[in-house]
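# Examination of the molecular architecture
Chain residues, written in single-letter form:
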Amino acid sequence: MSNLVYVLNGPNLNLLGLREPEIYGSTTLDEIAGMLEDRASELGLTIDMRQTNHEGMLVDWLHEANANQARAVLLNAAAYTHTSIALLDAIKAITVPVIEVHLSDPKTREAFRHLSYVGMAAAATVEGLGPQSYLVALEKVARGEV
Ligand code: DQA
């Protein structure tokens, strides 16, 4: 089985650290990538971490993860979580397990964040733990829970 784990991040997450720090904290996406890479190397996993502001790019990367037979995808689709039937269909179209990740807990925020198209197809969801959400999701992959 492949040791490769894709970590895909959607719109506005490139601004982590600057963006609404009272909600998302002061840790940057690069710092989260570093934390994940450190833990992944202990677990014998390899991280491929990416960010895009474009919905179709996330669809393409999900297809790529599948074609490359990745172990799993950690997906923080950000606002597309709540709008994207294309992402729902992409997750359903592939066999690689996808874990939905969020820094905040969307279910405790505005009503428009309560619906998750990603969550309808994801193998698991980890949310509300800040950067730890990504690490908890990685541990789930390492333990073979997805
Ligand atoms: C987010 C939650 C989403 O509702 C929001 O649109 C984001 C970030 C999170 O990580 O908490 O951009 O996915």
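Placed above this text is the structure.
Quick look at the structure, then. If you're wondering where the values come from, they're calculated on a predicted model, not measured in any experiment.

The rules behind the values
Residues numbered from 1 in each chain as written. Predicted model: local features only at pLDDT ≥ 70, side-chain atom pairs only at ≥ 80, totals over all residues. Heavy atoms only, no water. Helix = DSSP H or I, 4+ residues; strand = E, 2+ residues; numbered from the N terminus. Buried < 20%, exposed > 50% of the residue type's maximum accessible area, 1.4 Å probe, protein only. Contact = heavy atoms within 4.5 Å. Areas by Shrake-Rupley, 256 points an atom, 1.4 Å probe, with all protein chains shown as cover. Lys, Arg positive; Asp, Glu negative; His and termini not counted. Charge placed at Lys NZ, Arg CZ, Asp CG, Glu CD. Pairing = 2+ DSSP bridges. Right-handed = clockwise from strand over helix to strand, strands pointing away. Axes fitted to C-alpha atoms, helices over the stretch in contact; angles between N-to-C directions. Near = heavy atom within 4 Å. Polar contact = N/O pair within 3.5 Å; in protein donor to acceptor, adjacent residues only side chain to side chain. 1 Å grid on protein atoms, 1.4 Å probe; cavity = no way out; pocket = protein on both sides within 12 Å on 5 of 7 lines; lining within 4 Å. Sits in = over half its atoms within 2 Å of the grid points. Nonpolar A, V, L, I, M, F, W, Y, C, P; charged D, E, K, R; others polar.

## Focus: the overall build of the chain
In terms of helices and strands, the chain carries six helices and five strands. Along its sequence from the N terminus, the chain presents helices and strands in the succession β-α-α-β-α-β-α-β-α-β-α. With respect to the three principal axes, the spread of C-alpha positions in the chain is 40 × 30 × 25 Å. In the chain, which comprises 146 residues, the share counted as buried stands at 48%. In the chain, the share of contacts with a sequence separation of at least 24, taken over all contacts with a separation of at least 6, comes to 76%. Surface summary for the chain: the accessible area is close to 6700 Å², and the carbon and sulfur share equals 50%. When the 10 basic and 18 acidic side-chain charges of the chain are each reduced to a single mean position, those positions are 6 Å apart.

## Focus on the pairing of strand β3 (residues 72–76)
β3 sits mainly inside the fold: five of its five residues count as buried. Alternating residues of β3 divide into A72, L74 and N76 and V73 and L75, and every residue in both groups is buried. As judged from the five bridges shared by strand β1 (residues 4–9) and β3, these two strands associate in the parallel manner. Considered in β3, the bridge of V5 is made with A72. In this structure, β3 lies alongside strand β4 (residues 98–102), joined through three bridges in parallel fashion. Bridged to L74 within β4 is I99. Handedness of the crossover is the feature at issue here: the chain leaves β3, passes through helix α4 (residues 85–93), returns alongside β4, and the resulting connection is right-handed.

## Some remarks on the sheet that holds strand β5 (residues 124–127)
With parallel pairing, five strands are arranged side by side in an open sheet as β2-β1-β3-β4-β5. The strands lining the two open edges of the sheet, one partner per strand, are β2 (46–51) and β5. Shown here is a sheet whose adjacent strand axes are inclined to one another by a mean of 20°, direction ignored. Along the sheet, helix α2 (residues 29–43) makes contact with β1 and β2, crossing β2 at roughly 165°. The strands that helix α3 (residues 55–67) touches are β1, β2, β3 and β4; relative to β1, the one it contacts most, it runs at about 175°.

## Side note on the site of the ligand
Lining the immediate surroundings of the ligand are R19, Y24, N76, A78, A79, H82, H102, L103, S104 and R113. S104 places a polar side-chain atom, nitrogen or oxygen, 2.6 Å from an oxygen atom of the ligand. Protein coverage of the free-state accessible area of the ligand, which is 320 Å², stands at 99%. A majority-of-atoms criterion places the ligand in the largest pocket. Of the residues in the shell around the ligand, the class split is four nonpolar, four polar and two charged.

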